[in-house]
There are 2 protein chains.
Amino acid sequence: MSMDITFLGTGSAYPSPTRGASALVLRREGECWLFDCGEGTQTQFMKSHLKAGRVTKIFITHLHGDHFFGLPGLLCTLSLQSSPDANKPPVDIYGPLGLRNFIRRSMELSQFKEFSCLDGDEVSPQGAQGRILQLDPVENSYLLVEDEQLVLKAFRLFHRIPSFGFVVEEKPRTGKLNVQKLKDLGVQPGPLYGKLKDGTAIVLENGVTISPSDVLEDPIPGRKICILGDCSGVVGDAAVKLCCEADVLIHEATLDDTQEEKAREHGHSTPKMASEFAKLCKVKKLVLTHFSQRYKPAAQRGEGDTDIAELKRQAESVLDGQEVTLAEDFMTIEIPMKK
Amino acid sequence: MSMDITFLGTGSAYPSPTRGASALVLRREGECWLFDCGEGTQTQFMKSHLKAGRVTKIFITHLHGDHFFGLPGLLCTLSLQSSPDANKPPVDIYGPLGLRNFIRRSMELSQFKEFSCLDGDEVSPQGAQGRILQLDPVENSYLLVEDEQLVLKAFRLFHRIPSFGFVVEEKPRTGKLNVQKLKDLGVQPGPLYGKLKDGTAIVLENGVTISPSDVLEDPIPGRKICILGDCSGVVGDAAVKLCCEADVLIHEATLDDTQEEKAREHGHSTPKMASEFAKLCKVKKLVLTHFSQRYKPAAQRGEGDTDIAELKRQAESVLDGQEVTLAEDFMTIEIPMKK
C-alpha cells in the first residue's frame, strides 16, 4: 500500500512565491489527508500532482492564520467543483476549539451553507454532528481516527496558543506464513494456508491442531508518521512515547540555532531543538519545515537573507551524521511499507 | 500626478496558478487602494511590482469568498511587517454589511487584536470607530471618500447578493492662465499670476479689477475610473450617471456571450452585456476581468477550455471597433492626466 507525503507550503508566518503557508498532504492509496491549510493551499494543490478533490480529512494544528486561512476558500472550491454525490463522504475537519465557528461563519457569509460534520468546538443546532474530542488522561493524547488499518492521535505542543502534533500509525500486519514449518507439519499449500493467515486454527486429518501462532512469523509493524504543528517543545510525556521510532518526523524549524532565544520567545524551534526531539524519539527520518521566509537557497539570497543550508548543517550536527531533509514546496517523500 | 491600475487577480470563483482571485490596485502617487482581496492577494502583491505596505484603503465589492478570503491573511501580514508607527494612518476598509464582523473574528481567532477603524456593519464596543454608510437617496449612491483632490462613490449592482461598483473621480483642476489675455490687460508675469490661479481677484494700479474667471481657461476635468463588482446589471439609475464618460471602466465578463442565460442566472455578465453598459455610459476604455477559469489563451487551452480571445471579439463587436482590453494578472494600465 503506497504512502507518501507532499509539502504544499513550507514557509512560516505568511505565504510567499517561493514558500506557501503551511500545508502538507499525507496520501495513502490515493486518499489524501491534509495537515494545515494556510492561505493559497488550493492553488498549491493545482500546481502539484495532487487533486484537492481527493481530500477526505483535514487536520489543523493550531489557529494561527498561516495554518488555516486557506480553509474557507478550499472548502468553497471543493463544494463548487464536486457534483452532488450522496455516496461521497463529507470531508471531516479536526482542529482546535474555535475552528468550527470560524468555518461556519466564513461559509455562511460567503453563502455556502452546506456543511455538516465538523469536529471542533461548541455544538449548535446546525452542527449537531460536530464533536468535542476529550483528552485520554492516561495516554495524554486525543484519539481522532481509528479504522481497521490505522490510528491517528493528537498530542499537545508548547506554543503561544494551543497547538497539536499528530501521529499516524498503521496497525501491524499479520506476519508471513513459515512455509517450511507448514511443509514439515504436512500441510499442503491451499485454503488451509489462508485460514491460518486469517487467524483461524486448523485440525489436520491426523487430529493435530495447528494454531496460527505456530506457523506465523512475527507481525510486521506498520509505518508511523509524526506531523507537529508550531512548537518550542512538547507538553507532557505523550509525545515522546507516541513518536518513538517513527519512520518520519516532520518538525518545524522556524529560525536557525543562532536565534534560539527569539525562537523560544515566539514558541518556535530551531534545527537543534528539532533534532534533539528526533534523537529522543529515535526517529528514522527527520524533515524540517516552516522556515522563516528569510532562509533561502544560496543562489536566491537577497539582502538580509540567510543560506538555508545552514539549518540542515545545524540539525545534522546533533544527529551523529543522520541525514536531515529540509522540506520544499511540492517535495514528495515516499514511505515504503515494511517487509 | 501618476495614476495606474494593476490587476492582481482576474479569475472568477477561485484562484488558479494562471489567474488569481479578484484583486486590483489603483495607485495614485505611490498610494495604493486595493479593490477586492481574494485568497492569495498578498502573494500576488509579492509577485508584482507593488508593495502591499503601501495600501491605505481597501474596498470590497461583495461577500463572495473569491473577493475577500484573502483579507485576514493580508491584514495579518501587514501587521507583522510594519513597525509600530503612530504617524502611519490605519488601513481603512469599506465593504458590505457583515465584513467587519468577519474580519474581527478572523483576527481575534488568529490573535491579532490591533485594529480599530473598519467601516462596515454593526457597532461594537471594540469597534466604535466603524461607521455604517447611508445611501444618498437623491443620487442613489454612497459617498465613501472625499478629499481635496477626489471623490469615491459606490453604487449598487444586480447580483445574487449585495454587490457594489465604485467610481473614483478626480475633481477638476483649475484651468490654465490665458497669458495673452493677461498681457493685453497689462499684467506682467509675477506673484499676481499665482493669486489669479489660486482663485483670488486682483486690482491693477489703474483701478481695474481682474477676476480669475476673466483670465482662466476652462477647468481641466479629472480622471474617472469605474470598478464594478460581480453583476448582471446595475440597480437604479445611479450607475449610468456616475460612470458617464469614464476614462476606464473595469467590468466583469465571467462567461462568453453564448452562455448569457447561465451568466444571468448566476448574476454575472458576458462581454456583450459589459460592452452595452460601456456604450450607454460612453466610457473611453473598457477592460474586462473576472473570467471563468475555462477561458485560456489559445496556446494554453486544455480539454473543455475556450479561447479567451473570443471574449474580446464579442465585446468589440458591440463597440463599433473601439478596442476592449482583457485583463491579465499583473497587467498595468496607466491613466494619463488630462491636459
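None of these values were measured; they are calculated from a predicted model. (Residues numbered from 1 in each chain as written. Chains lettered and ligands numbered in written order. Predicted model: local features only at pLDDT ≥ 70, side-chain atom pairs only at ≥ 80, totals over all residues. Heavy atoms only, no water.)

Undergrad: What exactly am I supposed to notice about the packing of helix α10 (residues 271–280) of chain A against helix α11 (residues 309–318) of chain A here?
TA: Think of two packed helices as two axes; the pair is described by the angle between the axes and how far apart they sit. Residues and elements named next belong to chain A. The interhelical angle for the contact between α10 and α11, taken along N-to-C directions, is 35°, at an axis separation of 8 Å. In terms of crossing hand, the pair formed by α10 and α11 is right-handed. Along its contact with α10, which presents Pro271, Lys272, Ser275, Glu276 and Lys279, the element α11 presents Leu311, Gln314, Ala315 and Val318. (Axes fitted to C-alpha atoms, helices over the stretch in contact; angles between N-to-C directions. Helix = DSSP H or I, 4+ residues; strand = E, 2+ residues; numbered from the N terminus. Left-handed = near helix turned anticlockwise from the far one by under 90°. Contact = heavy atoms within 4.5 Å.)

Undergrad: What am I meant to see in the packing of helix α3 (residues 71–81) of chain A against helix α4 (residues 99–109) of chain A here?
TA: Residues and elements named next belong to chain A. Look at α3 against α4: their axes get within 10 Å of each other, and the N-to-C directions meet at 55°. With respect to α4, the axis of α3 lies oblique. α3 and α4 meet at a crossing whose hand is right-handed. Here Leu71, Pro72, Leu75 and Cys76 of α3 lie close against α4, whose contacting residues are Leu99, Phe102, Ile103, Ser106 and Met107. Of the residues contributing to the contact of α3 with α4, the split by class is eight nonpolar, one polar and no charged. (Parallel < 35°, antiparallel > 145°, perpendicular 65-115°, else oblique. Nonpolar A, V, L, I, M, F, W, Y, C, P; charged D, E, K, R; others polar.)

Undergrad: I'm lost on the relation of the copies chain A and chain B in this one. Help?
TA: For the pair of chain copies, the relating operation is a rotation around an axis with a shift along it. When chain A is fitted onto chain B, the two copies agree to an RMSD of 0.1 Å after a turn of 180° and an axial shift of 0.0 Å. The transformation just described matches what one would write down for a two-fold rotation axis. It is Gly40 of chain A whose C-alpha, among those of chain A, lies nearest the rotation axis, at 2.7 Å. The residues that chain A uses at the interface reappear at the interface of chain B in 100% of cases, marking a shared surface. (Least-squares fit on C-alpha atoms with pLDDT ≥ 70 in both.)

Undergrad: Would you mind showing me how to read the sheet that holds strand β7 (residues 142–146) of chain B here?
TA: Whenever strands of a sheet pair, they do so through backbone hydrogen bonds, lying parallel or antiparallel. Residue and element names in this part refer to chain B. Strand order in the open sheet made by the seven strands is β7-β8-β9-β12-β13-β14-β17, with mixed pairing throughout. Two strands in the sheet have a free side with no partner beyond their single neighbour: β7 and β17 (324–326). Sheet twist, expressed as the mean angle between neighbouring strand axes with direction ignored, is 20°. By the bridge criterion, five bridges tie strand β9 (residues 163–170) to strand β12 (residues 224–228) in an arrangement that is antiparallel. Opposite Val168, over in β12, you have Ile225 as the bridge partner. Seen against the sheet, helix α11 (residues 309–318) touches β14 (286–289) and β17 and runs at an angle of roughly 155° to β17. (Pairing = 2+ DSSP bridges.)

Undergrad: What should I look at first to understand the side chain of Thr6 of chain A in this one?
TA: All names here are of chain A. For Thr6, the position within the fold is in strand β1 (residues 3–9). Residue classification places Thr6 among the buried positions, given a relative accessible area of 0%. Contacts of Thr6, omitting those with residues within four sequence positions, involve Leu24, Val25, His49, Leu50, Phe330, Met331 and Thr332. (Buried < 20%, exposed > 50% of the residue type's maximum accessible area, 1.4 Å probe, protein only.)

Undergrad: Help me out: how do you make sense of the interface of chain A and chain B in this one?
TA: Buried accessible area, meaning the area lost when the parts come together, often serves as the stated size of an interface. The partner chain B presents 35 residues to the 35 residues of chain A that form the contact. Interface of chain A and chain B: buried area, both sides summed, is about 2500 Å²; carbon and sulfur atoms make up 66% of it. On the chain A side of the interface with chain B, the three residues burying the most area are Glu39, Phe69 and Leu109 of chain A, jointly 25% of the side's total. Linking chain A with chain B are zero salt bridges, by the criterion used here. The tally of links between chain A and chain B comes to eight residue pairs in polar contact (both at pLDDT 80 or more). Only α1 (41–47), α2 (65–68), α3 and α4 of chain A provide two or more residues apiece to the side of chain A that touches chain B. A class-by-class count of the residues in the side of chain A that touches chain B yields 15 nonpolar, 17 polar and three charged. (Buried area = accessible area lost by both parts, 1.4 Å probe. Salt bridge = Lys/Arg side-chain N within 4 Å of Asp/Glu carboxyl O. Polar contact = N/O pair within 3.5 Å; in protein donor to acceptor, adjacent residues only side chain to side chain.)

Undergrad: Explanation requested: the side chain of Ser292 of chain A in the structure shown.
TA: Residues and elements named next belong to chain A. On the secondary structure map, Ser292 appears in the loop between β14 (286–289) and β15 (295–296). Ser292 gets classed as buried once you look at its relative accessible area, which sits at 11%. Ignoring any residue separated from it by four or fewer positions in sequence, one finds Ser292 in contact with Ser12, Thr254 and Leu255.

Undergrad: Looking at this model, I keep getting lost on the packing of aromatic side chains. Mind explaining?
TA: Centre-to-centre distance and the angle between the planes together describe a pair of aromatic rings. Here the structure, examined in full by the defined rule, presents 19 aromatic pairs over all chains. Seen from their ring centres, Tyr142 of chain A and Phe164 of chain A are 5.7 Å apart, and the 85° between their planes marks the pair as edge-to-face. Taken together, the residues span a long stretch of sequence, with Tyr142 of chain A in strand β7 (residues 142–146) and Phe164 of chain A in strand β9 (residues 163–170) at a distance of 22 residues. As far as burial versus exposure is concerned, Tyr142 of chain A and Phe164 of chain A are alike and both buried. An angle of 55° between the planes, with centres 5.5 Å apart, marks the rings of Phe59 of chain B and Phe166 of chain B as tilted. Here Phe166 of chain B lies in strand β9 and Phe59 of chain B lies in strand β4 (residues 55–59), a separation of 107 residues in the sequence. Each member of the pair, Phe59 of chain B together with Phe166 of chain B, is buried. (Phe/Tyr/Trp six-rings, centres within 6.5 Å; stacked < 30°, edge-to-face > 60°.)

Undergrad: In this structure, what is going on with a positive patch on the surface? I would like to understand it.
TA: All names here are of chain A. Residues Arg173, Lys176, Lys197 and Lys339 make up a contiguous surface patch of positive charge. The residue Arg173 is located in the loop between β9 and α5 (179–185) in this model. Using a relative accessible area of 33% as the deciding quantity, one classes Arg173 as partly exposed. (Patch = residues over 30% accessible without salt bridge, like charges linked within 9 Å, V, L, I, M, F, W, Y side chains within 5 Å. Areas by Shrake-Rupley, 256 points an atom, 1.4 Å probe, with all protein chains shown as cover. Lys, Arg positive; Asp, Glu negative; His and termini not counted. Charge placed at Lys NZ, Arg CZ, Asp CG, Glu CD.)

Undergrad: Would you mind going over the pattern of salt bridges with me for this structure?
TA: It is possible for side chains bearing opposite charge to pair when their charged atoms get close. Counted by the stated rule, this structure contains 30 salt bridges over all chains. One salt bridge connects Lys284 of chain A with Asp247 of chain A, and the closest N-O pair in it is separated by 3.8 Å. Taken together, the positions of Lys284 of chain A in the loop between α10 and β14 and Asp247 of chain A in the loop between α8 (238–243) and β13 (248–252) put the pair 37 residues apart, joining distant regions of the chain. A relative accessible area of 47% places Lys284 of chain A in the partly exposed class. Salt-bridge contacts for Lys279 of chain B lead to Asp320 of chain B; the nearest nitrogen and oxygen are separated by 3.5 Å. You can see Lys279 of chain B sitting in helix α10 (residues 271–280) and its partner Asp320 of chain B sitting in the loop between α11 and β17, a full 41 residues away along the chain. Classification of Lys279 of chain B by relative accessible area gives partly exposed; the value is 41%. Of the residues examined, Asp320 of chain B reaches a relative accessible area of 64% and is grouped as exposed.

Undergrad: When you look at the sheet that holds β13 of chain A in this model, what are you seeing that I'm missing?
TA: All names here are of chain A. Read from one edge to the other, the open sheet built from seven strands follows the order β7-β8-β9-β12-β13-β14-β17, with strand pairing classed as mixed. Only two strands of the sheet have a single neighbouring strand rather than two, namely β7 and β17 (324–326). On average, adjacent strands in this sheet sit at an angle of 20° to one another, irrespective of strand direction. Pairing between β13 and β14: four bridges, direction parallel. Counterpart to His251 in the pairing with β14 is Leu288.

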